[in-house]
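Topology and contacts: notes
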Amino acid sequence: MFIFNRSKQLLILALVSILLVACSNSSDNDSPSSTYSADIVWTEYGIPHITADNWGSLGFGLGNAFAQLNFCPYMKDVVKANGQSAELLGDEGNLSFDFVMKLYNTEEALEIAKTGLSDRGLALFEGYAAGISKYLADTGVDNLAQGEAGCQGQPWVREITFDDVLRSAYKTILRASADPFYNELVAAAPPETLAANPQVAKHELPTLLAQLRAMTPQTMADSLGFPAVEMMGSNAYGVGRNVSGSNSGVLFGNPHFPWRGISRFFMAHQTIPGEYDVMGAGLFGIPLANIGFNKDTAWSHTVSTARRFSLHELRLNPENVLEYYYDDELLALETQTVSAIDGSGAAVEHTFYLSRFGPIVDLGRLNSALEGWPTFNGTIFAFQDANKENFRGLEAWIGFGLAENMDDIVEDTKTIGIPWVNTISADRYGDALYGDISVVPHATTEKINNCVRGIVGPLLLENGVVSLDGSDSSCGLGNDEGAPANVFGYQSLPKLRTLQYGANANDSYWLPNPANLLTGFSQAIGPEEYEQSLRTRLTFVQAEERIARIDGLEGPGFTNKQVRAIFYSARNYAAELVNDDVVAICEAVEDWSLYGASNATMKQACNILGAWDTRHTIDSVGGHVFTEFWRIARSLDNLWAVPFDPTDPVHTPNQLNTADAELVEAVRQALAGGVQVLLDNSIALDLPWGEVQFIERNGVNIPLPGGSGGMLFNVISANLVDGEGYSDVRAGNSYIQAVSWDETDCPDANAILTYSQSTDPASPHYDDATKLYSQSGWIDLPFCKRDQDAQEIRREKVSQ
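Residues numbered from 1 in each chain as written. Predicted model: local features only at pLDDT ≥ 70, side-chain atom pairs only at ≥ 80, totals over all residues. Heavy atoms only, no water.

**Considerations on the overall build of the chain**
Within the chain, the regular secondary structure consists of 24 helices and 30 strands. Taken against the 2.2 N^0.38 rule, which gives 28 Å for 800 residues, the C-alpha radius of gyration of the chain at 27 Å falls within 12% of a compact globule. Referenced to the eigenvectors of the C-alpha coordinate spread, the extents of the chain come out at roughly 85 × 75 × 50 Å. The buried share of the chain, reckoned over its 800 residues, is 61%. Sequence-distant contacts, at least 24 apart, represent 70% of the contacts inside the chain between residues at least 6 apart. Surface accessibility of the chain: about 29,900 Å² in total, with carbon and sulfur atoms responsible for 48%. (Helix = DSSP H or I, 4+ residues; strand = E, 2+ residues; numbered from the N terminus. Rg over C-alpha atoms; globule rule 2.2 N^0.38 Å. Buried < 20%, exposed > 50% of the residue type's maximum accessible area, 1.4 Å probe, protein only. Contact = heavy atoms within 4.5 Å. Areas by Shrake-Rupley, 256 points an atom, 1.4 Å probe, with all protein chains shown as cover.)

**What about the packing of helix 2 (residues 55-81) against helix 6 (residues 119-139)?**
Orientation of helix 2 relative to helix 6, taken along the N-to-C sense of each, is 45°, at an axis distance of 6 Å. Judged on the interaxial angle alone, helix 6 and helix 2 are oblique. Seen from above, helix 2 lies across helix 6 with right-handed handedness. A per-class count over the contact of helix 2 with helix 6 returns 15 nonpolar, seven polar and two charged. (Axes fitted to C-alpha atoms, helices over the stretch in contact; angles between N-to-C directions. Parallel < 35°, antiparallel > 145°, perpendicular 65-115°, else oblique. Left-handed = near helix turned anticlockwise from the far one by under 90°. Nonpolar A, V, L, I, M, F, W, Y, C, P; charged D, E, K, R; others polar.)

**Description of the pattern of salt bridges**
Any two side chains of opposite charge can pair, on the condition that their charged atoms come close. Per the stated rule, a full pass over the model turns up 27 salt bridges. A salt bridge links K134 to D138; the nearest nitrogen and oxygen atoms lie 3.2 Å apart. Here the residue K134 and the residue D138 both occupy positions in helix 6, the gap between them amounting to four residues, near one helical turn. What makes D138 partly exposed here is its relative accessible area of 47%. (Salt bridge = Lys/Arg side-chain N within 4 Å of Asp/Glu carboxyl O.)

**A few points about the layout of surface pockets**
Rolled over the atoms, a probe sized like a water molecule indicates the empty space that remains. The calculated volume of the second largest pocket comes to roughly 1,400 Å³. Lining the second largest pocket we find 49 residues, and of these K80, P258, R260, G261 and I262 sit closest to its centre. Residue assignment for the lining of the second largest pocket shows that the elements contributing at least two residues are helix 2, helix 7 (162-173), strand 23 (694-697) and strand 26 (725-733). Sorting elements by how many residues they give to the lining of the second largest pocket places helix 2 first, with five residues. Class assignment of the residues belonging to the lining of the second largest pocket gives a composition of 20 nonpolar, 14 polar and 15 charged. (1 Å grid on protein atoms, 1.4 Å probe; cavity = no way out; pocket = protein on both sides within 12 Å on 5 of 7 lines; lining within 4 Å. Points joined across faces, edges and corners; volume = space filled by probe spheres on them.)

**A look at helix 20 (residues 623-633)**
In terms of residue burial, helix 20 counts as a mostly covered element, since nine of its 11 residues are buried. Every buried residue belonging to helix 20 is among G623, H624, V625, F626, T627, E628, F629, W630 and A633, and all of these are buried.

**Here we look at the nonpolar core**
Counting residues in each nonpolar core, the largest one holds 231 residues, and the members touching the most others are F71, Y237, F626, W630 and Y735. The residues contacting W630, other than those within four sequence positions of it, are L534, A574, V578, L639, W640 and M711. Core analysis: the next-biggest nonpolar cluster, separate from the first, contains 14 residues, A188, L316, Y326 and A382 among them. (Core = buried A, V, L, I, M, F, W, Y, C linked by side-chain atoms within 4.5 Å.)

**A closer look at the state of the cysteines**
For the structure on display, the rule yields four disulfides. Paired by a disulfide, C451 and C475 hold their sulfur atoms 2.1 Å apart. Between C451 and C475, the S-S dihedral sits near -80°, and the bridge is therefore left-handed. Residue C451 is located in helix 14 (residues 445-451), and its partner C475 is located in the loop between strand 18 (467-469) and strand 19 (495-498); the two are separated by 24 residues in the primary sequence. Like C451, the residue C475 is buried in the burial classification. What links to what in the chain: the bonded cysteines, counted in sequence order, pair as 1-2, 3-4, 5-6, 7-8. (Disulfide = S-S within 2.5 Å.)

**Examining the side chain of H624**
Here H624 lies in helix 20. H624 sits in the buried class, given a relative accessible area of 0%. Each residue touching H624, except ones within four places of it in the same chain, is listed here: L678, I683, A684, L685, D686, L687, W689, V692 and Y726.

**Thoughts on the pairing of strand 27 (residues 735-740)**
The buried fraction of strand 27 is high, at six of six residues. The two faces of strand 27 match: Y735, Q737 and V739 on one face and I736, A738 and S740 on the other face are all buried. Here strand 27 pairs with strand 28 (residues 748-753) via six bridges, running antiparallel. Bridge pairing links Y735 to L753 in strand 28. (Pairing = 2+ DSSP bridges.)

**Examining empty space enclosed by the protein**
Within this structure, the stated rule accounts for four cavities of 30 Å³ or more. There is about 170 Å³ of room inside the largest cavity. For the largest cavity, the lining is made up of 18 residues, of which L283, N290, W397, W420 and V421 are closest to its centre. Looking at the lining of the largest cavity, the elements with two or more residues in it are helix 7, strand 4 (250-258), strand 8 (297-303) and helix 12 (392-402). If you tally residues by element for the lining of the largest cavity, the top one is strand 8, at three residues. Of the voids in this model, the second largest cavity is the one considered here, and its volume is about 90 Å³. Taken together, 14 residues make up the lining of the second largest cavity; nearest its centre are L62, F266, G282, I286 and L288. Those elements giving two or more residues to the lining of the second largest cavity turn out to be helix 2, strand 5 (265-272) and strand 6 (276-283). A per-element tally of the lining of the second largest cavity places strand 6 first, with four residues.

**Describing the environment of A575**
Note on placement: A575 falls in helix 18 (residues 573-587). By relative accessible area, which is 2% here, A575 ends up buried. For the pair A575 and D613, spaced 38 residues apart in sequence, the C-alpha to C-alpha distance is 9.2 Å. In this structure, A575 is in contact with W612, T614 and F626, ignoring residues within four places of it in sequence.

**Quick notes on the packing of aromatic side chains**
Scanning the model with the defined rule gives 40 aromatic pairs in all. Summarising the aromatic geometry, the rings of Y326 and F357 are spaced 6.4 Å apart at their centres and angled 65° between planes, so their arrangement reads as edge-to-face. On the criterion of sequence distance, the pair formed by Y326 in strand 10 (residues 320-326) and F357 in the loop between strand 13 (347-354) and strand 14 (360-361) is long-range, its members being 31 residues apart. With respect to burial, Y326 and F357 carry one shared label: buried. Linked through ring pairs, Y237, F252, Y501, F540, F558, F567, Y568, F713, Y773 and W778 together constitute an aromatic cluster. The ring of Y325 carries R315 above its face, with NZ or CZ at 4.4 Å from the centroid. Looking at K495, its charged tip hangs above the ring of Y490, at a distance of 4.4 Å from the centre. (Phe/Tyr/Trp six-rings, centres within 6.5 Å; stacked < 30°, edge-to-face > 60°. Lys NZ or Arg CZ within 6 Å of the ring centre and 35° of its normal.)

**Looking at the confidence of the model for the chain**
Taken residue by residue, the chain gives an average pLDDT of 93. The fraction at 70 or more is 91%. Segment residues 1-33 is flagged for pLDDT under 50; beyond a separation of four residues in sequence, or across chains, it makes 47 contacts in the model. (pLDDT = per-residue confidence, 0-100.)

**Some points on the sheet that holds strand 6**
Across the sheet, which stays open at both edges, the 10 strands sit in the order 19-17-16-8-7-6-5-2-1-30 with mixed pairing between neighbours. Both outer strands of the open sheet, strand 19 and strand 30 (792-799), are each paired with one neighbouring strand and no more. Pairs of neighbouring strands in the sheet enclose a mean axial angle of 15°, with direction left out of account. As defined by bridge partners, strand 6 adjoins strand 7 (residues 291-293) across three bridges and the pair is classed as antiparallel. Note on strand 7: the bridge partner recorded for M279 is F293.

**Considerations on the side chain of S177**
Assignment of secondary structure puts S177 in the loop between helix 7 and helix 8 (182-187). You can call S177 buried: its relative accessible area is 0%. Within the structure, S177 has its side chain in polar contact with the side chain of D385 (distance 3.0 Å). Each residue touching S177, except ones within four places of it in the same chain, is listed here: R308, F383, D385 and N387. (Polar contact = N/O pair within 3.5 Å; in protein donor to acceptor, adjacent residues only side chain to side chain.)

The following block contains the structure:
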């Protein structure tokens, strides 16, 4: 076992620093023999503008700038991606996750990445690793950041290698497949007796089937550890010239991502003169703009409904449960044993069992009826990961940065490398695009109809998971010409290219525009003709009201300025639909003691809701009262008077069903219950929203606009903390950009990074952008040199 030796580690870092200095022949550390060299201009809010002559140096400069502000959380992710978390990270470690990383992040996978990436991609990632390590060598482990995300003096800090960067990036690509499935992958283990039959008595079957039928998409997501919509969601508009109010398009991107850990964004501007000039933000550890813009195009992403895996139900040999039927043939499961170090320092092995489709999983955490090897009906499930060994998306994002128009953006999506998100884009010529052009298992409607069989398959399908009959060779995933194996190609995926607009807020591809519904695609990509979330509906209500000029904003068109105003309006669509009726029900109650509540307190709550503007700006009063009420009321039976109508998905269902006496009674109970939650947590009812929802930074509470993604377009996902409010911010608005163009080469680009650029409490960029967000402000992104000069803070040259 490798043991970190503190004194040796410090000596090595010191020697690296000496060697780096010794290699320099000039005072600016930029000798002619330098492997990497980049200029960094830092502008307001800690945005680095990196200029280099080649891709390796561009990655080096970005890696160094990123590490200056965020080295520690990235170092921690490298530990996890290498399958060393249990060994090195104490309570944060997870041995099961380590085993899965050892299964996926192999030397073979790295070789596939290195073979598949272009020379520029390889150089970019290799330079990125070198730039991060340069920062560590210059700074020293004892001078790294402190605080919640810090790693000062930690023995697991070390140099970052090229392989580390690839492993961390691969872990991000697996975010919607192997990553949340790690418990299921590790839990699968055969019984000691190979000839083991399922021991289920006949009288137990009805109970098991009832358990299965009780599954819902949300319980499935919760059980399997998939991120909740509020934790990993997004909104985006791609606006075309016919409605933008100009001859150009408008792009608004608003990802809702975690505020902690590796899934944060980092803003940067990367330039190779005459070749590449891109500004935007990349996820930690990705040395390019996942969401960004250049002189001519802009793009964003939203988490899509498609699953990035398929299940295959295998019928076992009752005499040997390590064999399964494939047509009339019995195939033996193969094994792969991996080793990791646990928290005690001991080496621990785990054996995975592999079918022709992939490793076996135990779905008992999803539903106890599916636990065991075999399950109650004599089968097991194999897990086929569509993103296994997919590094194509990294090249696609490089291509987006090089794009000169929408044709180029579309061409770059055809590699089918984007791993788990929709793409929304606009260009300076007025074209707009929505598309779920991402990695989706190739299970056609015909195949699903023919091959989702038995008891379990149809129930899983109702919850959005495709489980095919793995014992029938005709039921394997298909292929499209020119596409990667086992995933849908470009022509089979939903998309809308338009001069109007396309949008998405994490519902399926079906509704990218009310006038252009997309139908006829595989259920593996998502459902059609189903009730949309309130956030999706608000996304389109805002757009349609803007185009019709009935939203109270000045001027025609759907402009950059107007879409930013729409965002900060922080409308609560649930409240717009029901609050007036709720207030009327509230005011009609004569004796709240029947509901265990005080008349005086409930009268105050009624008055507050009646005066509330149904917004979640920091000065609005009433949002928390409605939020706690709606947590209860949203799942009430027979809530709406007007049911969902697939011909009007934006406006239905609607109207609180006040004609239903039972529903009205349930609303009263929900009001009393919601108010009680606030009282139990010592939260005054009459506080402005900014005093209820905030983030603490260096002892200062910063008010935060926005609220629950179940009701709002402007999303902050926060837990209620006793005596404070919604101060435990988990996720929500992150890197938000609005981009348009005029006749100049300088895009009109505005952005905000809600949690700020740095995770280091000692950095001036730990909270500066958060304070700007609190005041509904925007960073005027300095894409062109004259704007950079006006916002410049400092500049430096980095090389080695």
